[in-house]
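Now for the letters of each chain:
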Amino acid sequence: MIGTEEGGAWPQLRLQLRTALARAYPRVRTLPRERSWLVTEITLPLLGTIAMVYVYRALQAPPRFTGFVVLGGSMLAYWQNVLWSMANQLYWDRHLGNLELYAISPASFLAILAGMAIGGMASTTVRAAAVMVTCSLLFQVRWEPAGALPAAGVFLLTLAALYGLGSVLAALFLFYGREAWHLTSALEEPVHLLAGFYFPVRSLGAAVGGAASVVPLTLGLDAIRQLLLPGSPALVGVGWEVAVLAVQVPLYCLAAQRALDLVEMRARRDGQLIMRPS
Amino acid sequence: MAQAEPLAVVTHALGRVYRQRGDVVTALAGVDLEVRRGELYGLLGPNGAGKTTLIKILVTLLLPSSGSAEVDGLDVVRDHRRLRWRIAMVSGGESSGYPVLQVREQLWMFSQLYGMESRAAKRRIEELLERLDLTEAARRPVSALSTGMRQRVNLARGLLTDPRVLFLDEPTVALDVGAARTVREEVRRWMAEDPGRTVILTTHHMMEADELCDRVGIVSRGRLVAEDTPAGLKRLARGTGPQPSLEDAFVHLVGRSMREEEEASA
């Protein structure tokens, strides 16, 4: 028998790390092999962002709104990745028969989801960077250079919390089976509005902004806007937003672990959820 | 005193019911099974007899409703996490993995779920590709493989970690003669390499069970209705013809069990 069934922290950590990297691999390998993503994942979102800039320009909005749109257009990619390629993925993996193979392996579902997240982040960052760089150059957006480093930190924290939430959603979507598709649609557009992708979320009021903060992008985007476009209307200060994001990271990871344990227990009890449909 | 070698698989009064929209369906009704280490044990039965349910319980995908089951000395309910290091499952008609990956990459990906050191995994993959006549296909995307090649890749995935107990659920279903033969030969060769390896095989191909299995259990309506070597089962069906085949024995034994059950319930 190859492999080890030793307990202990290090062998377990090594197993979960290997699992995460292995599950990230198909995501990363897809990029050069399926070139259609250059159109669907880069060109089309880029055109969408450019169109939104022209809408604001036609409305004679202040120039910083161009920055809001470019930031939102970049970050939008991560939310869509979390919804379509992470939350839904366990459901598709079940239909491919992968989920039952994952389930009978010693690897944890959380490591599998971490791999999806890492792979998803890698591919999505190409799209986000393309939108950010192209639109910044095209529309001469003036970012605050001093805010770049802290904004990068907030960005990473936001992604950690966001993909933690993605793991929770993946468990929930698996639980609800075919309804996952509708859930994804239900979460996509409303969050685009509530998270303030194209305008400061404060415009919606503190209550709506606070409720929308369940999605880490709301706070992350608001904080990055404050750092890169000083003077932007803020929901709350950057410090508070960072603090809430820092709490969301472990909170969502723990919630995901709990939800995945429940899904596995229910799957073993009921004989569904994980097994490939016959 | 020397400790007795644990059985590869042992079940006691193993039962499983499914509840579907108020109905209770009994898939397994008290199965007692003992499979020795090093045995290639076949499970035969009509569709819906409970073979796959039994396998799913033994590979920790399902909880039993009653009774108990151990695989390689570990309880499938209590010790399922440890057990998962020691087992693998290959099902017929599997389309697992990711179509964008090449064969070699796909196998590597699955090896990592068992924590295999990457270099060791790559060596093992090359060895299996060669043995399963897949070396030339190693760089082809999985989506471009024929059904037979795909199933050989699935078998390679099952053998990657050299599990203590390998579960093969109809591994040659929909395969042509050549591909099915390659799968059978590789299973036999893999077992011959280590006397501690055990295979549990479900199949509808009687010839396959006859050729491969040391012993065969026949499952009908959730019960193990007969169990013996293929030759022993054929002897049980002697009255049915001059030289009964395993298929004759199967039809005879399943039919007899159904009649007995109906008489008992009448």
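Residues numbered from 1 in each chain as written. Chains lettered and ligands numbered in written order. Predicted model: local features only at pLDDT ≥ 70, side-chain atom pairs only at ≥ 80, totals over all residues.

Examining the overall build of chain A
At step 1: From N to C terminus, chain A includes 11 helices and zero strands.
At step 2: Taken over C-alpha atoms, the radius of gyration comes to 20 Å for chain A, in line with the 19 Å a tight globule of 278 residues would show.
At step 3: Once local pairs closer than 6 in sequence are excluded, the contacts in chain A between residues at least 24 apart make up 81%. (Helix = DSSP H or I, 4+ residues; strand = E, 2+ residues; numbered from the N terminus. Rg over C-alpha atoms; globule rule 2.2 N^0.38 Å. Contact = placed C-beta atoms within 7 Å.)

Some points on the interface of chain A and chain B
At step 1: Contacts between chain A and chain B engage 34 residues on the former and 34 residues on the latter.
At step 2: Mapped by element, the contributors of at least two residues to the side of chain A that touches chain B are helix 1 (9–33), helix 5 (98–103) and helix 11 (238–270) of chain A.
At step 3: It is helix 1 of chain A that provides the largest number of residues to the side of chain A that touches chain B, a total of 12 residues.
At step 4: Here the residues of the side of chain A that touches chain B sort into 17 nonpolar, eight polar and nine charged. (Nonpolar A, V, L, I, M, F, W, Y, C, P; charged D, E, K, R; others polar.)

Topic: the packing of helix 6 (residues 109–139) of chain A against helix 7 (residues 148–176) of chain A
All names here are of chain A.
At step 1: For the pair helix 6 and helix 7, interaxial distance at closest approach is 10 Å and the crossing angle is 130 degrees. When the interaxial angle is binned, helix 6 and helix 7 end up oblique. Considering the relative orientation of helix 6 and helix 7, their crossing is right-handed. Contacts between helix 6 and helix 7 involve L110, L113, A117 and M121 from the former and L159, Y163, G166, S167 and A170 from the latter. (Axes fitted to C-alpha atoms, helices over the stretch in contact; angles between N-to-C directions. Parallel < 35°, antiparallel > 145°, perpendicular 65-115°, else oblique. Left-handed = near helix turned anticlockwise from the far one by under 90°.)

Description of the sheet that holds strand 5 (residues 74–75) of chain B
Residues and elements named next belong to chain B.
At step 1: What the four strands build is an open sheet, ordered 2-1-4-5; its pairing is antiparallel. One side of each edge strand has no neighbouring strand; the edge strands of this open sheet are strand 2 (23–35) and strand 5.
At step 2: Note that strand 1 (residues 9–20) and strand 4 (residues 66–71) share five bridges and pair antiparallel. Bridging from a neighbouring strand, V9 pairs with V71 of strand 4. (Pairing = 2+ DSSP bridges.)

What to know about the sheet that holds strand 8 (residues 198–202) of chain B
All names here are of chain B.
At step 1: Spatial strand order, 6-7-8-3-9-10: six strands in an open sheet with mixed pairing. Whereas interior strands pair on both sides, the edge strands pair on one side only; in this sheet they are strand 6 (87–91) and strand 10 (223–228). If you compare each strand with its neighbour and ignore which way they point, the axes differ by 20 degrees on average.
At step 2: For strand 9 (residues 215–220) and strand 10, the ladder comprises five bridges, and the chain directions are antiparallel. Pairing of V216 across the sheet is with D228, part of strand 10.
At step 3: Packed onto the sheet, helix 9 (residues 246–265) meets strand 3 (40–44), strand 9 and strand 10 and runs at close to 40 degrees relative to strand 9.

Quick look at the confidence of the model for chain B
All names here are of chain B.
At step 1: Across chain B, the average pLDDT comes to 92, with 98% of residues at 70 or higher.
At step 2: Model confidence for chain B, summarised as mean pLDDT per element, is weakest for helix 9 at 85 and strongest for strand 4 at 97.
At step 3: Here the predicted complex scores 0.89 on pTM and 0.91 on ipTM. (pLDDT = per-residue confidence, 0-100.)

A short note on the environment of B:T229
All names here are of chain B.
At step 1: Here T229 is to be found in the loop between strand 10 and helix 8 (230–236).
At step 2: Take T229: there are 13 C-beta atoms within 10 Å of it, and that puts it in the partly exposed class.
At step 3: Along the primary structure T229 and T147 are separated by 82 residues, whereas in three dimensions their C-alpha atoms are 31 Å apart.
At step 4: If sequence neighbours within four positions are ignored, T229 has contacts with D214 and R215. (Buried ≥ 20, exposed ≤ 12 C-beta atoms within 10 Å, placed from the backbone.)

A word on unusual backbone geometry
All names here are of chain B.
At step 1: The phi dihedral of D162 is positive, around 50 degrees, even though this residue is not glycine.
At step 2: Assignment of secondary structure puts D162 in the loop between helix 5 (147–159) and strand 7 (165–169).
At step 3: Not every positive phi belongs to a glycine, and A174 is a case in point at roughly 65 degrees.

Things to note about the nonpolar core
At step 1: Of all hydrophobic cores here, the largest spans 164 residues; its most connected members are A:L113, B:L58, B:A156, B:F167 and B:I200.
At step 2: With residues up to four places along the chain from it excluded, the contact list for B:A156 reads B:L107, B:L128, B:L129, B:L132 and B:L134. (Core = buried A, V, L, I, M, F, W, Y, C linked by C-beta atoms within 7 Å.)

Examining the pairing of strand 6 of chain B
Residues and elements named next belong to chain B.
At step 1: Among the five residues that make up strand 6, five are buried, leaving the element largely enclosed by the rest of the structure.
At step 2: Both faces of strand 6 are covered, namely the face carrying I87, M89 and S91 and the face carrying A88 and V90.
At step 3: When strand 6 meets strand 7, the two strands line up parallel, connected through five bridges. Each bridged residue has a counterpart across the sheet, and for V90 the counterpart in strand 7 is L168.

A closer look at the environment of A:S232
Residues and elements named next belong to chain A.
At step 1: Take S232: it is sitting in the loop between helix 10 (216–228) and helix 11.
At step 2: Judged by the 19 C-beta atoms lying within 10 Å of it, S232 is partly exposed.
At step 3: Once residues within four sequence positions are removed from consideration, S232 is found in contact with R64, P200, R225 and Q226.

So, the pairing of strand 9 of chain B
All names here are of chain B.
At step 1: Within strand 9, five of the six residues are buried, which leaves it mostly tucked inside the rest of the structure.
At step 2: Where strand 3 meets strand 9, four bridges bridge the pair, whose relative direction is parallel. The residue bridging L44 from the neighbouring strand is I218, located in strand 9.
At step 3: Counted along the chain from strand 9 to the antiparallel partner strand 10, the turn is two residues long, and its residue R221 has a positive phi close to 50 degrees.

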